[in-house]
Amino acid sequence: MHISQNLAAKAVSEVFAGRNLTITLEQLFKQHPEITPQQRGVAQDLSYSCLRHYGELKALIKPLLQKPLKDPWLNHLLLIAIYQLRYETAQPFTVVDQAVKAASKTNLPWAKGLVNGVLRNFLREQTSLIAGSQEDDVAKYSYPQWWVNKIKSQYPQQWQTILQAGNQHPPMVLRVNIRKTTQSAYQQLLNDAGHAAAVLGDVALLLEKPVSVEQLPHFADGWVSVQDYGAQLAAAFLEVQDGMRVLDACCAPGGKTGHLLESANIEMTALDHNEIRLKRVAENLSRLDLSANLKQGDASKSDWWDGKLFDRILADVPCTASGVVRRHVDIKWLRREADIASFSQQQALILSSLWQMLAKGGKLLYVTCSIFHEENQAQIDNFLKNNADAERVPLNLVLQTESEPLVNLQQVSLQKEKMEDRQLLPCKQHDGFFYALLQKR
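Computed from a predicted model, the values in this text were never measured in an experiment.

Conventions and cut-offs
- Residues numbered from 1 in each chain as written.
- Predicted model: local features only at pLDDT ≥ 70, side-chain atom pairs only at ≥ 80, totals over all residues.
- Heavy atoms only, no water.
- Helix = DSSP H or I, 4+ residues; strand = E, 2+ residues; numbered from the N terminus.
- Buried < 20%, exposed > 50% of the residue type's maximum accessible area, 1.4 Å probe, protein only.
- Contact = heavy atoms within 4.5 Å.
- Areas by Shrake-Rupley, 256 points an atom, 1.4 Å probe, with all protein chains shown as cover.
- Lys, Arg positive; Asp, Glu negative; His and termini not counted.
- Charge placed at Lys NZ, Arg CZ, Asp CG, Glu CD.
- Axes fitted to C-alpha atoms, helices over the stretch in contact; angles between N-to-C directions.
- Parallel < 35°, antiparallel > 145°, perpendicular 65-115°, else oblique.
- Left-handed = near helix turned anticlockwise from the far one by under 90°.
- Nonpolar A, V, L, I, M, F, W, Y, C, P; charged D, E, K, R; others polar.
- pLDDT = per-residue confidence, 0-100.
- Core = buried A, V, L, I, M, F, W, Y, C linked by side-chain atoms within 4.5 Å.
- Pairing = 2+ DSSP bridges.
- Right-handed = clockwise from strand over helix to strand, strands pointing away.
- Expected span 1.5 Å × (residues − 1).

### A look at the overall build of the protein chain
Part 1 of the argument: When helices and strands are tallied, the protein chain shows 18 helices and 13 strands.
Part 2 of the argument: Counting only C-alpha atoms, the protein chain reaches 70 × 50 × 40 Å along its principal axes.
Part 3 of the argument: Burial analysis of the protein chain (441 residues in total) assigns 54% to the buried set.
Part 4 of the argument: Taking the contacts inside the protein chain whose residues are at least 6 apart along the sequence as the reference set, 72% of them involve residues at least 24 apart.
Part 5 of the argument: Carbon and sulfur atoms make up 49% of the accessible area of the protein chain, which amounts to about 20,200 Å² in all.
Part 6 of the argument: Distance between charge centroids for the protein chain: 5 Å, based on 47 positive and 46 negative side chains.

### Re the packing of helix α1 (residues 2–15) against helix α5 (residues 72–87)
Part 1 of the argument: Two elements in contact, α1 and α5, have axes separated by 8 Å at closest approach and are oriented at 120 degrees. On the basis of their axis angle, the class for α1 and α5 is oblique. Crossing angle aside, the handedness with which α1 passes α5 is right-handed. Side by side, α1 and α5 meet where Q5, N6, A8, A9, K10, V12 and S13 of the first sit next to P72, W73, H76, L77, I80 and Q84 of the second.
Part 2 of the argument: Considering only residue class, the contact of α1 with α5 consists of seven nonpolar, five polar and one charged.

### A short note on the confidence of the model for the protein chain
Part 1 of the argument: Here the protein chain shows a mean pLDDT of 93. Residues at 70 or above account for 95%.
Part 2 of the argument: Counting interchain partners and residues more than four positions distant, the pLDDT-below-50 stretch residues 401–419 has 42 contacts.

### Overview of the nonpolar core
Part 1 of the argument: W147, I151, L163, L260, I266, L365 and Y435 are the most contacted members of the largest nonpolar core, which has 51 residues in total.
Part 2 of the argument: Of all the elements in the fold, those that place two or more residues in this core are α9 (145–154), α10 (159–165), α12 (229–238), α13 (255–263), β6 (267–272), α14 (275–287), β9 (358–368) and β13 (433–440).
Part 3 of the argument: It is α12 that contributes the most residues to this core, six residues altogether.
Part 4 of the argument: Apart from residues no more than four positions distant in its own chain, L163 is found in contact with Y141, Y143, W147, V148 and I151.

### Overview of helix α4 (residues 54–61)
Part 1 of the argument: The element α4 is largely enclosed, with a buried count of six among its eight residues.
Part 2 of the argument: Listing the buried residues of α4 in full gives Y54, G55, E56, L57, L60 and I61.
Part 3 of the argument: Taken together, the buried residues of α4 touch α1, α3 (37–52), α5, α7 (111–133), α8 (137–141) and α15 (331–334).

### A look at the pairing of strand β5 (residues 245–249)
Part 1 of the argument: Across the five residues of β5, five count as buried, placing the element largely inside the fold.
Part 2 of the argument: Inspection of the sheet shows β5 paired to β6 by four bridges, in the parallel sense. Bridge pairing links V246 to M268 in β6.
Part 3 of the argument: Handedness of the β-α-β unit built from β5, α13 and β6 comes out right-handed.

### Some points on the sheet that holds strand β3 (residues 204–207)
Part 1 of the argument: Here we have four strands laid out as an open sheet, ordered β2-β3-β1-β4, and antiparallel in their pairing. Of all strands in the sheet, those with a lone pairing partner are β2 (197–200) and β4 (224–226), marking the two edges. Taking each pair of neighbouring strands and ignoring which way they run, the sheet shows an average axis angle of 30 degrees.
Part 2 of the argument: Pairing geometry for β2 and β3, over four bridges, is antiparallel. Bridge pairing in β3 links A197 to L207.
Part 3 of the argument: Against the sheet, helix α11 (residues 183–192) touches β1 (173–176), β2, β3 and β4, its axis set at about 165 degrees to β2.

### Quick look at helix α6 (residues 92–103)
Owing to its 3.6 residues per turn, the α-helix brings residues three or four apart onto one side.
Part 1 of the argument: When the terminal C-alpha atoms of α6 are compared, their 17 Å separation across 12 residues agrees well with the 16 Å that a helix rising 1.5 Å per residue should span.
Part 2 of the argument: Those residues of α6 lying buried are V95, V96, Q98, A99, V100, A102 and A103.

### Overview of the packing of α12 against α13
Packed helices, taken two at a time, are described by their axes: the angle between them and the distance between them.
Part 1 of the argument: α13 packs onto α12 with a crossing angle of 40 degrees between their chain directions and a minimal axis gap of 9 Å. Taken together, α12 and α13 sit at an angle that is classed as oblique. Two packed elements cross with a definite hand, and for α12 against α13 that hand is right-handed. Residues A231, Q232, A234, A235 and L238 of α12 touch α13, and the partners they reach there are K256, H259, L260 and S263.
Part 2 of the argument: The class makeup of the residues in the contact of α12 with α13 is five nonpolar, three polar and one charged.

What follows is the structure in structure tokens.
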């Protein structure tokens, strides 16, 4: 366990140095090819869990230290061990012993004793420490204070539920490729393989327990893809039909591209600014036995465009990703409030550029995986004010969920006008997404 604790502490330290958690873990595992798959799995889980509960863990450790630790790795090793003592079922003695062993590998002769003392004090005082931490928003919800304040302001009736949902483990949802099989047939294949799954919508299946893709029947043959249920709505909202010329802007990693191609025989252009990410799109489409015209280019510009208008455009724009933090736990701590304005500016440029490429009568679907209004409803309201040839098309699809299925912005804002866009909030079945469908007059 001490090897996994060590690697997790390094990963969390890299995140707070400004690096992406997923990339950091990949690099760490390459540097340590000798570790077992189980050790890699534990290190990954500890990294995600520490960041998921980081606000609370910081509050719990603060009273146990005479002064803040200057060594980031040692600080994060302690936070990871406190997480284990707080949330895991491992024997406390084992957690403490392994953390002390990890500390003994450093060149800090006092680290071993410090770790032992802090963790044993936590075990003795954890009841009062936990109770005290609940008085602070950052500790109670494990988000930066600006994030908590914004969700409180924008969702006054739902803010606690939203924050709590973002700290849960994400669901694993599959999208059945209807060109290969049917939803019911694939559900039976999963059941036969021992993987229980519930039906969502027309092509989605919610797994009772996450599994590796290698365990999914015919995954390599393109029978199914892993895609959040909320993300799968893009194809339904866009309503592509055979023969249409379609653009998926900002397409990587290609989940929505593949879904659109599965839905109809269309002329698909898939655009992304990153060459490496485009290669991933090509790989994903190849697995599905699908193809598209892949183009590298900036969606906010037109230098890549051949001048032919599109019947449908999917604008899945860059955003803060505030609706998918349970999948990308580092986002909570890497994002700054000022980033919202920066993303909003970029989104407006992309929307304006793509609108010029849409045929009259055509439809553009604006999508973010954000729950911040500035990137969503405010963005669309501003666009409609400045484009007289644009009109909002109602989105009336009802989701199959156990919780409130679809949140209309009229219910959660003070605006009086009719709202026809859709804000999905994270829940058991899907992540947080925003959709707005626009048609050109």
